[in-house]
Amino acid sequence: MTRSQQHPIGSPFGHDSTASEVLSGIDLGGKLAVVTGGYSGIGLETTRALVGAGAHVVVPARRPEAAREALADIEGTEVATLDLGDLDSVRAFAEEFRASGRSIDLLINNAGIMACPETRVGPGWEAQFGTNHLGHYALTNLLRPALVADGGARVVELSSTGHLRSGIRWDDVDFREGYDKWEAYGQAKTANVLFAVHLDALAAEDGVRAFALHPGGILTPLQRHLERQEMVDRGWIDEQGELIDPDVFKTPEQGAATTVFAATSPLLDGLGGLYLEDCEVAVPADEAPEGSGGVKDWAIDPEQAARLWALSAERTGIDTFGRG
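Residues numbered from 1 in each chain as written. Predicted model: local features only at pLDDT ≥ 70, side-chain atom pairs only at ≥ 80, totals over all residues. Heavy atoms only, no water.

*Asks:* Looking at this structure, how should I read the overall build of the protein?
*Replies:* The helix and strand inventory of the protein stands at twelve helices and ten strands. Looking at the protein as a whole, 56% of its 324 residues are labelled buried. Once local pairs closer than 6 in sequence are excluded, the contacts in the protein between residues at least 24 apart make up 73%. Per element, the accessible surface of the protein, about 13300 Å² overall, is 47% carbon and sulfur. (Helix = DSSP H or I, 4+ residues; strand = E, 2+ residues; numbered from the N terminus. Buried < 20%, exposed > 50% of the residue type's maximum accessible area, 1.4 Å probe, protein only. Contact = heavy atoms within 4.5 Å. Areas by Shrake-Rupley, 256 points an atom, 1.4 Å probe, with all protein chains shown as cover.)

Written as structure tokens, this is what we have:
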């Protein structure tokens, strides 16, 4: 994977496309998808769209009762318990799923936290890196048998333009000094992209292809840790809580579009390790038009991707895709 591969491929979809539009004409009958956090925000719309195209969707959730309530009117779904910040929980979910003997066609690592107060998970990991990246790293590796069983699968990592804020802080990944919630979020989102880059490099020969993406700006429960005044100060909403410029933000249905594009589009057949936005392969950030995103070199660098994989394997004690 090199930056030269980060170029548009002629997608007919764009910024305003919805998940249902992207899936129009695509038959997912008989396919099984796993969507972490697929009961809230764009995750819920992702689940709804995949089911609408015929897929059966497993939704691992930290709050399973809330997930069952949110998905009560969507047939073709099932809920399981999963806390990405707890490796024992990740192992338990993966073991139970593997025991079912089912294969996975689509693994969408959607769940995440953003800009939270300084928090530690596991053995003291910074929570955004531990939950958004390490939890999904462990989950994907532990589900390897199900991902390769039926000739392969697509793995989709939800990243963000937040990755533009920070590469991996190799000298202090856990923010032991000078915690900044937005820098920590940026590092975690860069980690999501690097994970997709190296997973694709390791697993393509098994038919597993991986993509990362920016879904777009969407106001969802992801903003739960932000005070209203902070969102006012950032120019997102006014004092009454109304969007200042609705055109800046996507609806949840539009936000889920790039996710399902990454998971299902035939235009991506034979490709992998790429970062997408607005239902298209993104260009490098230094080539992107002013005001748009693109992808930073630090997020698609294969050497950094391999280094992050090694760090993740060391921290979790899990590496099923590794080569020697």
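*Asks:* Can you help me understand the pattern of salt bridges in this one?
*Replies:* Side chains carrying opposite charge are able to pair once their charged atoms draw close together. Under the criterion given, the structure shown has eleven salt bridges. Across the pair Glu-65 and Arg-68 runs a salt bridge whose closest N-O atoms are separated by 2.9 Å. Of this pair, Glu-65 and Arg-68 both sit in helix 3 (residues 64-70), three residues apart, which is roughly one turn of the helix. Judged by relative accessible area, which is 57%, Glu-65 ranks as exposed. Between Asp-172 and Arg-169 there is a salt bridge, with the nearest N and O atoms lying 3.0 Å from each other. (Salt bridge = Lys/Arg side-chain N within 4 Å of Asp/Glu carboxyl O.)

*Asks:* What should I look at first to understand the packing of aromatic side chains in this one?
*Replies:* Geometrically, a pair of aromatic rings is defined through the distance of the ring centres and the angle of the planes. Following the criterion strictly, the structure yields seven aromatic pairs and no others. Between Phe-13 and Phe-261, the aromatic rings sit 6.5 Å apart at their centres with planes inclined by 75 degrees, giving edge-to-face as the arrangement. Linking Phe-13 in the segment before helix 1 (19-22) with Phe-261 in helix 10 (residues 257-264), this pair joins segments that are 248 residues apart in sequence. For Phe-261, a relative accessible area of 0% gives the class buried. A connected cluster of aromatic rings, assembled from ring pairs, spans Tyr-137, Phe-195 and Trp-309. Here the basic side chain of Arg-169 rests over the ring of Phe-175, its NZ or CZ set 3.7 Å away from the ring centre. The ring of Trp-170 carries the charged tip of Arg-307 above its face, separated from the ring centre by 4.1 Å. (Phe/Tyr/Trp six-rings, centres within 6.5 Å; stacked < 30°, edge-to-face > 60°. Lys NZ or Arg CZ within 6 Å of the ring centre and 35° of its normal.)

*Asks:* I would appreciate a short explanation of the nonpolar core in the present structure.
*Replies:* Soluble globular proteins tend to pack their nonpolar side chains together in the buried interior. Ranked by size, the top nonpolar core spans 56 residues in total, and within it Val-34, Phe-93, Phe-97, Ile-104, Leu-143, Leu-147 and Leu-199 carry the most contacts. Per-element accounting of this core gives the leading share, nine residues, to helix 7 (residues 181-203). When residues no more than four places from it in sequence are discounted, the contact partners of Phe-97 are Leu-32, Val-34, Val-58, Arg-102, Ile-104, Leu-143 and Ala-146. Grouped together as the second largest cluster of nonpolar side chains are 39 residues, Val-57, Leu-213, Ala-256 and Cys-279 included. (Core = buried A, V, L, I, M, F, W, Y, C linked by side-chain atoms within 4.5 Å.)

*Asks:* Which parts of the structure should I look at to understand helix 7?
*Replies:* Since the α-helix advances by 3.6 residues per turn, residues separated by three or four positions end up pointing in the same direction. Helix length check: helix 7 (23 residues) gives 32 Å between terminal C-alpha atoms against 33 Å at 1.5 Å per residue, within 8%. Among the 23 residues that make up helix 7, 20 are buried, leaving the element largely enclosed by the rest of the structure. A side-chain oxygen of the first residue of helix 7 lies 3.0 Å from the backbone nitrogen of Trp-182; this N-cap is Asp-180. (Expected span 1.5 Å × (residues − 1). Polar contact = N/O pair within 3.5 Å; in protein donor to acceptor, adjacent residues only side chain to side chain.)

*Asks:* Can you help me understand the packing of helix 2 (residues 41-52) against helix 10 in this one?
*Replies:* Packed helices, taken two at a time, are described by their axes: the angle between them and the distance between them. Direction vectors running N to C along helix 2 and helix 10 enclose 45 degrees, while the axes themselves pass 9 Å from each other. Our classification of the angle between helix 2 and helix 10 gives oblique. For the element pair helix 2 and helix 10, the recorded crossing hand is right-handed. Facing helix 2, whose interface residues are Thr-46, Ala-49 and Leu-50, helix 10 presents Thr-259, Val-260 and Thr-264. (Axes fitted to C-alpha atoms, helices over the stretch in contact; angles between N-to-C directions. Parallel < 35°, antiparallel > 145°, perpendicular 65-115°, else oblique. Left-handed = near helix turned anticlockwise from the far one by under 90°.)

*Asks:* What exactly am I supposed to notice about the confidence of the model for the protein here?
*Replies:* Segments scoring low in pLDDT should not have their predicted coordinates read at a detailed level. Averaged over every residue, the pLDDT of the protein is 91; residues scoring 70 or more account for 89%. Low pLDDT, under 50, characterises residues 220-228; the predicted model gives this stretch 28 contacts beyond four residues in sequence or across chains. Low pLDDT, under 50, characterises residues 230-238; the stretch is placed with 26 contacts to residues that sit more than four places away or in other chains. (pLDDT = per-residue confidence, 0-100.)

*Asks:* Sorry if this is basic, but what is going on with the pairing of strand 3 (residues 77-81) here?
*Replies:* The two faces of a sheet get side chains in turn, since along a regular strand they alternate between them. One ladder, built from five bridges, connects strand 2 (residues 56-61) with strand 3; its direction is parallel. Bridge assignment links Ala-61 to a residue of strand 3, and that residue is Thr-81. For the segment spanning strand 2, helix 3 and strand 3, crossover handedness is right-handed. (Pairing = 2+ DSSP bridges. Right-handed = clockwise from strand over helix to strand, strands pointing away.)

*Asks:* How should the pairing of strand 8 (residues 208-214) be read in this particular structure?
*Replies:* Burial runs high along strand 8: six of the seven residues are buried. In this fold, strand 7 (residues 153-158) hands off to helix 7, which returns the chain to strand 8; that crossover is right-handed. In terms of strand pairing, strand 8 meets strand 9 (residues 274-277) through four bridges, oriented parallel. Residue pairing for strand 9: Phe-211 is matched across the bridge by Leu-274.

*Asks:* Teacher, can you tell me more about helix 10 here?
*Replies:* With eight of its eight residues buried, helix 10 lies for the most part within the structure. Those residues of helix 10 not exposed but buried are Ala-257, Thr-258, Thr-259, Val-260, Phe-261, Ala-262, Ala-263 and Thr-264.

*Asks:* So what exactly am I meant to see when it comes to the side chain of Gln-254 here?
*Replies:* With respect to the helices and strands, the residue Gln-254 is situated in helix 9 (residues 252-255). Ignoring any residue separated from it by four or fewer positions in sequence, one finds Gln-254 in contact with His-15, Asp-16, Ser-17, Thr-18 and Pro-215.

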